[in-house]
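Topology and contacts: notes
Residue strings, one per chain:
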Amino acid sequence: MAISPEQEHPVKAFGWAARDSSGHLSPFRFSRRHEIVGVVTEVGTKVTKFKVGDKVGVGCLVGSCHSCENCANDRENYCPEMILSYKRKYYDGTITYGGYSDIMVADEHFVVAIPDNLPLGGVAPLLCAGITVYSPLKYYGLDRPGLHLGVVGLGGLGHMAVKFAKAMGVKVTVISTSPGKKQEAMERIGADSFLVSHDQEQMQSASETMDGIIDTVSAVHPLLHLLGLLKRDGKLVMVGAPEKPLELPAFPLLNGRKFVGGSSIGGLKETREMINFASEHSITSDIEVISMDYVNTAMERLAKADVRYRFVIDIGKSTA
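Let me begin by describing the structure that accompanies this report.

Cut-offs used in this document
Residues numbered from 1 in each chain as written. Predicted model: local features only at pLDDT ≥ 70, side-chain atom pairs only at ≥ 80, totals over all residues. Heavy atoms only, no water. Helix = DSSP H or I, 4+ residues; strand = E, 2+ residues; numbered from the N terminus. Rg over C-alpha atoms; globule rule 2.2 N^0.38 Å. Buried < 20%, exposed > 50% of the residue type's maximum accessible area, 1.4 Å probe, protein only. Areas by Shrake-Rupley, 256 points an atom, 1.4 Å probe, with all protein chains shown as cover. Lys, Arg positive; Asp, Glu negative; His and termini not counted. Charge placed at Lys NZ, Arg CZ, Asp CG, Glu CD. Pairing = 2+ DSSP bridges. Axes fitted to C-alpha atoms, helices over the stretch in contact; angles between N-to-C directions. Parallel < 35°, antiparallel > 145°, perpendicular 65-115°, else oblique. Contact = heavy atoms within 4.5 Å. Nonpolar A, V, L, I, M, F, W, Y, C, P; charged D, E, K, R; others polar. Salt bridge = Lys/Arg side-chain N within 4 Å of Asp/Glu carboxyl O.

What follows is about the overall build of the protein chain. Looking only at helices and strands, one finds 11 helices and 17 strands in the protein chain. Against the globule reference of 20 Å for 320 residues, the protein chain gives a C-alpha radius of gyration of 21 Å, in line with a compact fold. In terms of overall dimensions, the protein chain has a C-alpha envelope of 70 × 45 × 40 Å along the principal axes. Counting all 320 residues of the protein chain, 48% fall into the buried class. Approximately 16300 Å² of the protein chain is accessible, and the part contributed by carbon and sulfur atoms is 52%. Taken as two groups, the 34 positive and 36 negative side-chain charges of the protein chain have centres that lie 1 Å from each other.

So, in C-alpha cells, the structure goes:
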C-alpha cells in the first residue's frame, strides 16, 4: 500500500500560505519534508556535511537530476529537472512549500553553510538576489578590477549588484528612472556615479563608457539607450524578468559587436563561493525584518516598491 506524504513525513510544520488567487496569506499547518536561513535542529544518518547547531541556508533549489551535463558541471540551476524550493513536486510526490514555516527538511547537497560573521537576516536574500547578480558578474567576466559596470535599477537585485561589483574592484554607475535615488545609491550603497535614464544629456555624456551592464528591471523598458552606454564588445546582461517581450534593435549590436545575454541564480558550488565572498567582504542585503503576521501588509508595500530592499520574515516572531 502506498504511503501518504503525511505518513512518510510525520513532522508537523506551521507556516503561512496563500489558499486562493487573492494572494492573501493565512496560517497553515502541514506535513513536510524561497531563500531560507536558520539553524540545523536534526540530521539524517547519512548526512556528513552538517551537524546540529550549524547556521545554514537553502536558496531557490532543493533538487535536480544529478546526472545531466548541467549537474555534472555544478550548474544545477539549469538542470531540466531542477526542483524549486516552492510550489513544485518533490521526488516523493510531496509539494515544496517554500520557507514561510517554522521548519524545513532539505537534501544536504542543496544546503549552504552560513559563516558566523554573517547575520542570518542580512544573508538570507543573498541566496536568491545575491547569487542572481554574482553569477553573471563572474560568468561574463565583469568582475575584473578597473572595469566600468552599469547597474539598471536600485532594488533588491540592483543594490546587491552594486555591493558585489564594488567589492570586486569595479567602477559602478547606477542607472535609474528615479532622480531621488542618487544620494542613496552613491552615499549609502557605494556606487561611483548615477544616471537618470530619461535624461538624454546625462545618458549621452556616458555614451560608450561601460564594459558591461547588469539589467535588474522586471518592468517593460527600452534597451536602445542602454546599448548606447556600452563600449565595443560590451555586454548587456538581463537578470530581471519583464512579463512582456522587450524590443531589441539589431543595428547597435552589429555596429559595436555588442552582446545581450541572461542569467538565472546559480549552482550550489557557485552559491557557496558567493557566500564565502560575502563573508570575506562583509556583504549583506539591506533588509527590513518583519513578523509573519505582517506579511500581507508587506505584500501591499512590495507592490508600491516601499521597501529598502528586502523584507525578511522572522518566523520566531510569528503566532500560531
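One open sheet holds the 6 strands; their spatial order is β12-β11-β10-β13-β14-β15, and the pairing between them is parallel. At either margin of the open sheet sits one strand with a lone partner, and together these are β12 (193-196) and β15 (259-262). On average, adjacent strands in this sheet sit at an angle of 20 degrees to one another, irrespective of strand direction. Pairing geometry for strand β10 (residues 148-152) and strand β13 (residues 210-215), over 4 bridges, is parallel. Of the residues in β13, the one forming a bridge with glycine 150 is isoleucine 213.

For the rest of this paragraph, the subject is the sheet that holds strand β3 (residues 36-39). Spatial ordering of the open sheet is given by β3-β4-β9, a layout of 3 strands whose pairing is antiparallel. In this open sheet, the two edge strands, each paired with only one partner strand, are β3 and β9 (111-113). Adjacent strand axes in the sheet meet at a mean angle of 30 degrees when their direction is disregarded. Relative to strand β4 (residues 55-58), β3 is paired through 4 bridges, and the arrangement is antiparallel. Note that in β4 the partner of isoleucine 36 across the bridge is valine 58.

Let's shift gears to the packing of helix α4 (residues 129-139) against helix α10 (residues 268-281). Geometrically, a packed helix pair is captured by the angle between its two axes and the distance between the axes. At a closest axis distance of 10 Å, the pairing of α4 and α10 adopts a crossing angle of 100 degrees. With respect to each other, α4 and α10 are oriented roughly perpendicular. Residues Gly130, Ile131, Tyr134, Ser135 and Lys138 of α4 lie in contact with α10, whose contacting residues are Glu270, Thr271, Glu273, Met274 and Phe277. In the contact of α4 with α10, the residues fall into 4 nonpolar, 3 polar and 3 charged.

Moving on, we come to the pattern of salt bridges. If you walk through the whole model with that rule in mind, you get 13 salt bridges. Close ionic contact of aspartate 286 with arginine 188 constitutes a salt bridge, the shortest N to O distance being 3.2 Å. Note that aspartate 286 is positioned in the loop between α10 and β16 (287-291) and arginine 188 in helix α6 (residues 182-189), a separation of 98 residues in sequence. Arginine 188 sits in the partly exposed class, given a relative accessible area of 48%. With its nearest N and O atoms 3.3 Å apart, the salt bridge here joins aspartate 211 to lysine 231. One end of the pair, aspartate 211, is in strand β13; the other, lysine 231, is in strand β14 (residues 230-238), and 20 residues separate them in sequence. For lysine 231, a relative accessible area of 32% corresponds to the partly exposed category. Within this structure, Lys163, Glu184, Arg188, Asp286 and Arg308 form a network of salt bridges that share partners.

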